[in-house]
Amino acid sequence: MVNKLWAGMCASSLLAVLAACGGHQPGTSATAASAAPPKATAADAAKFVAKVNADDKQLYPELTAANWVAENFITSDTQLLNAKGGERALTLQSQQIEQAKAFVGLADLAPEVARQLTLIKISSAIPPPSDPAQRAQLAALGTKLDGEYGAGKYCPPGKSGADCMNLDQLEQIIDHSRDPKALADAWAGWHSVGKPMREDYSKFAGLMNEGAKELGYHDVGELWRAGYDMSPADFANETERLWTQVQPLYEQLHCYVRGKLHDKYGDAVPANGLIPADLLGNMWAQQWGNIYDLVVPYKDAGSLDVSSVLQARHDALEKKELVAFRQSFAKAHPGKQPTVGDLDNVEHKVDTQYSIETAKIAEDFYTSIGLPPLPASFYEKSLLTRPRDRDVVCHASAWDMDQNGDVRIKMCIRPDEESLETIHHEMGHIYYFTMYNGQPFLYQQGAHDGFHEAIGDTITLSLTPQHLQKIGLVAKVSDDQKALINAQMKRALDKIAFLPFGKLIDQWRWKVFSGEISTADYNKGWWKLREQYQGIAPPVTRTEEDFDPGAKYHVPGNTPYTRYFLSFIIQFQFHKALCDAAGFKGPLYACDIYGNKDAGAKFMAMLKQGASEPWPDTLEKLTGTRQMDGSAIIEYFAPLMEYLKQQNQGKSCGWQLPDDPLAGPSSPTT
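All residue numbers here refer to positions counted from 1 along the written sequence of the relevant chain. Predicted model: local features are reported for residues with pLDDT of at least 70 only, side-chain atom pairs are reported and counted for 80 or more only, and whole-chain, interface and lining totals are derived from all residues. To get the side-chain values, all heavy atoms of the structure are used, and hydrogens and water are removed first.

## Topic: the state of the cysteines
Stage number 1. For the purposes of this analysis, a disulfide is any pair of cysteine sulfur atoms at a distance within 2.5 Å. All chains considered together, the criterion is met by four disulfides.
Stage number 2. Disulfide pairing is shown between Cys-155 and Cys-164; the S-S distance is 1.8 Å. For the disulfide bridge between Cys-155 and Cys-164, the dihedral angle about the S-S bond is near 95 degrees, and by the sign convention the bridge is right-handed.
Stage number 3. Each residue's exposure class comes from its accessible area (1.4 Å probe, protein chains only) as a fraction of the maximum for that residue type: buried when under 20%, exposed when over 50%, partly exposed otherwise. The class of Cys-164 is buried, set by a relative accessible area of 9%.
Stage number 4. With a sulfur-sulfur separation of 2.0 Å, Cys-579 is cross-linked through a disulfide to Cys-591. Measuring the twist about the S-S bond at about -110 degrees, one finds the Cys-579-Cys-591 disulfide to be left-handed. Separated by 12 residues along the polypeptide, Cys-579 in helix α20 (residues 562-581) and Cys-591 in the loop between α20 and α21 (597-607) bring together distant segments of the chain.
Stage number 5. Taken in sequence order, the bonded cysteines of the protein link in the pattern 1-2, 3-8, 4-5, 6-7. Helix and strand labels come from DSSP, where a helix needs a run of H or I of at least four residues and a strand needs a run of E of at least two; each type is numbered from the N terminus.

Here's what the structure looks like:
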């Protein structure tokens, strides 16, 4: 979702690639070690912070380029270069953190200097140990885990080589098939990629914990929770408070969807139990939009099938290009037929052209509200289509390569609605980058990491049925109550279904980092949380030989995940504030800010702040409130909540937890 700068370090945690401030490494000079250092002053602290900003900005493009190449050309060579770059970054970062300790406790620090010193300490998702050998091992493990995910494939029994399936191909099955056997096989096939990661991840987590302890934290989870302008304990309470606000809406949605899937699949979906994870239209059961056709409230209330329209656009473009190619080929090579490779090249050309056109749809929305056009280099250097000649990490991500205008997206766009929304999301990161590029390096990140994830999703909330009709992606839109409930259901399958998943990923990691979940119980702990929060179960029996967390990109990539949970809350706050700025007077779910420069101006003013002030200050500038709050999402989905309660009357909603979290949906419950 957002750019990883090295082996899972996110662009909203840019300090992961901090450069050195200069000077010798600790312990390299006997003379320096024996001399008493002069007492640090506030002026020294200001100079130190200024040099960190300057040096880091200079080094940043080199490290980002190494990571870009490693994810786009997965070879042993690029992995080695990226690991060495990561090791170097961790070493330099460790030096900076150590040097920053000299200014702790100074009473007369300027507020902006004190804030930047704090950011140096807490902003890395991978805290480096001071021991050089441990840092090198940490860098190598991070690169290895990232590469294993990117190169992951499933080879069905008896198959090998070209017959093995990558994530894109397996997702096509999970997203669209209704065959339970095929779904379970594709699900188990992809989740098998995590098995080799298990021991490496345990070592990786242990080394990060060493780095976190050296910073004064109990473990990495506590360090991550410290990055929100409040204590780690207060932040844990805050996420729980937000979850309790939206939990009733999720439970009603779960109850309704479970009933519909029980109607479709029979006892494979227990009427009062856990939903098998492979039946929800997403490899990780994190968003359920692909099963909309199975749960649509009113089948006669108009079509919201954007994916079919996008596929038809792609197919029409392909047909046109193939006709042109065959005519050209026949003239150049009379009597001959094009090879499979020739036709494959045409298909790849079509995919590339379609991907660019899709990205331009997203860019158009941002420019319509007053944000600047993207540079031409964006389309020249981005990777928007899966290459045919190599493995890449296809997980969508946005990249700021040099903090000077070279912005890119790495994503394998497909002709479906999910890709359309994802490109709008990634474009939000791009525009956040460009807006805060005027800030010092240490402030070039989101107000908190949830802000970064919320920007693009705020824009997608304006992709109402009426908006989609306006841009030709929906043929006809009705304005009656049935059409409204259909539209709300479609959106809730992504926005509401995601909420417990967004919370539990880091719940698992926090427990792993603290030791509450041991290496021997990784998978058990994972499924216990998924069953508790989501009410889903593995479709097939799992064991502790499996490492199902490794099949989710953000775990081997070490990207903190609570940011996404927070973003799914605050994006509705942002949307409400922008609709107010646009002068919109109707219900929140009907608001579309496309073309409104007043809303865009208010949005840009917030984006330009970056992390230069505590996030409550930034939030207040846009929304008028200093607290994250779920009331806007509840207001948005009020019509659907009423409908769900009516439909669920008389049903036994909720679910019981199984005796064995790994046993699958038929496990006895407690």
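There is more to say after this.
## A short note on the side chain of Thr-464
Stage number 1. Its location among the elements puts Thr-464 in the loop between α16 (449-460) and α17 (465-470).
Stage number 2. Not counting chain neighbours up to four residues away, the residues in contact with Thr-464 comprise Tyr-589, Ala-590, Cys-591 and Asp-592. Every residue pair with non-hydrogen atoms within 4.5 Å of one another is taken to be in contact.

## Here's the deal with helix α4 (residues 111-122)
Stage number 1. Given a helix with a known number of residues, its expected span is that number minus one, times 1.5 Å. For α4, with 12 residues, the first-to-last C-alpha span of 17 Å sits near the 16 Å given by 1.5 Å per residue.
Stage number 2. Contact partners of the buried residues in α4: α2 (42-72), α3 (76-100) and α9 (220-225).

## Some remarks on the packing of helix α10 (residues 232-265) against helix α24 (residues 638-647)
Stage number 1. Axis geometry follows a simple rule: fit a line to the C-alpha atoms, using only the stretch in contact for helices, then measure angles between N-to-C directions, giving values from 0 to 180 degrees. In the contact formed by α10 and α24, the axes pass within 9 Å of each other and the chain directions differ by 50 degrees. Between α10 and α24, the angle is such that the two are oblique. The way α10 lies across α24 gives a crossing that is left-handed. Seen from α10, the contacting residues are Pro-248, Leu-249, Gln-252, Leu-253 and Tyr-256; seen from α24, they are Met-641, Tyr-643, Leu-644, Lys-645 and Gln-647.
Stage number 2. A per-class count over the contact of α10 with α24 returns seven nonpolar, two polar and one charged. Each angle gets one of four labels, with under 35 degrees taken as roughly parallel, over 145 as roughly antiparallel, 65 to 115 as roughly perpendicular, and the rest as oblique. Left-handed describes a crossing whose near helix is turned anticlockwise from the far helix by less than a right angle; the clockwise case is right-handed. For this classification, Asp, Glu, Lys and Arg are treated as charged, while Ala, Val, Leu, Ile, Met, Phe, Trp, Tyr, Cys and Pro are nonpolar and the rest, including Gly, are polar.

## Things to note about the pairing of strand β2 (residues 397-400)
Stage number 1. Alternating residues of β2 divide into Ser-397 and Trp-399 and Ala-398 and Asp-400, and every residue in both groups is buried.
Stage number 2. Here, a strand pair is defined by DSSP locating no fewer than two bridges between the strands. The sheet contact formed by β2 and strand β3 (residues 407-410) spans four bridges and is antiparallel. Counted as the bridge partner of Trp-399 is Arg-408 from β3.
Stage number 3. The loop that links β2 with its antiparallel partner β3 comprises six residues; one of these, Gln-403, has a positive phi angle of about 55 degrees.

## A closer look at α10
Stage number 1. In this model, α10 (34 residues) spans only 43 Å end to end at C-alpha, well below the 50 Å of a helix rising 1.5 Å per residue.
Stage number 2. Of all the bends found along α10, the most pronounced is centred on Val-246 and spans about 45 degrees, while Pro-248, a proline, follows it within four residues.
Stage number 3. Immediately downstream of α10, the backbone of Gly-266 shows phi near 70 degrees, a positive value. The quantity called bend is, for any residue, the angle between two axes fitted respectively to the seven residues ending at it and the seven beginning at it.

## Notes on the packing of aromatic side chains
To describe a pair of aromatic rings, one takes the distance between the centres and the angle between the planes.
Stage number 1. In this analysis, rings of Phe, Tyr and Trp, with Trp reduced to its six-membered ring, are considered paired at centre separations within 6.5 Å, and the interplanar angle assigns stacked below 30 degrees, edge-to-face beyond 60, and tilted for intermediate values. If you walk through the whole model with that rule in mind, you get 36 aromatic pairs.
Stage number 2. Aromatic pair Trp-68 and Trp-399: ring centres 5.1 Å apart, planes at 90 degrees, arrangement edge-to-face. Residue Trp-68 is found in helix α2, and its partner Trp-399 is found in strand β2; the two are separated by 331 residues along the sequence.
Stage number 3. Both rings, one in Tyr-149 and one in Trp-190, keep their centres 5.4 Å apart while their planes meet at 85 degrees; by these two values the pair is edge-to-face. Taken as a pair, Tyr-149 in helix α5 (residues 132-150) and Trp-190 in helix α7 (residues 180-191) lie far apart in primary sequence, 41 residues in all.
Stage number 4. When its relative accessible area of 5% is taken as the criterion, Tyr-149 is described as buried.
Stage number 5. Using a relative accessible area of 1% as the deciding quantity, one classes Trp-190 as buried.
Stage number 6. Among the aromatic side chains, those forming a connected cluster through ring pairs are Tyr-201, Phe-204, Trp-508, Tyr-522, Trp-526 and Phe-547.
Stage number 7. Arg-408 extends its terminal NZ or CZ atom over the ring of Trp-68, reaching a point 4.9 Å from the ring centre. Here, a charge over a ring means that NZ of Lys or CZ of Arg falls within 6 Å of the ring centre while also lying within 35 degrees of the ring normal.

## Remarks on unusual backbone geometry
Stage number 1. With a phi close to 55 degrees, Gln-403 is a non-glycine residue in the positive phi region.
Stage number 2. Relative accessible area serves as the criterion here: at 3%, Gln-403 is assigned to the buried category.
Stage number 3. Unlike most non-glycine residues, Asn-558 shows phi in positive territory, near 55 degrees.

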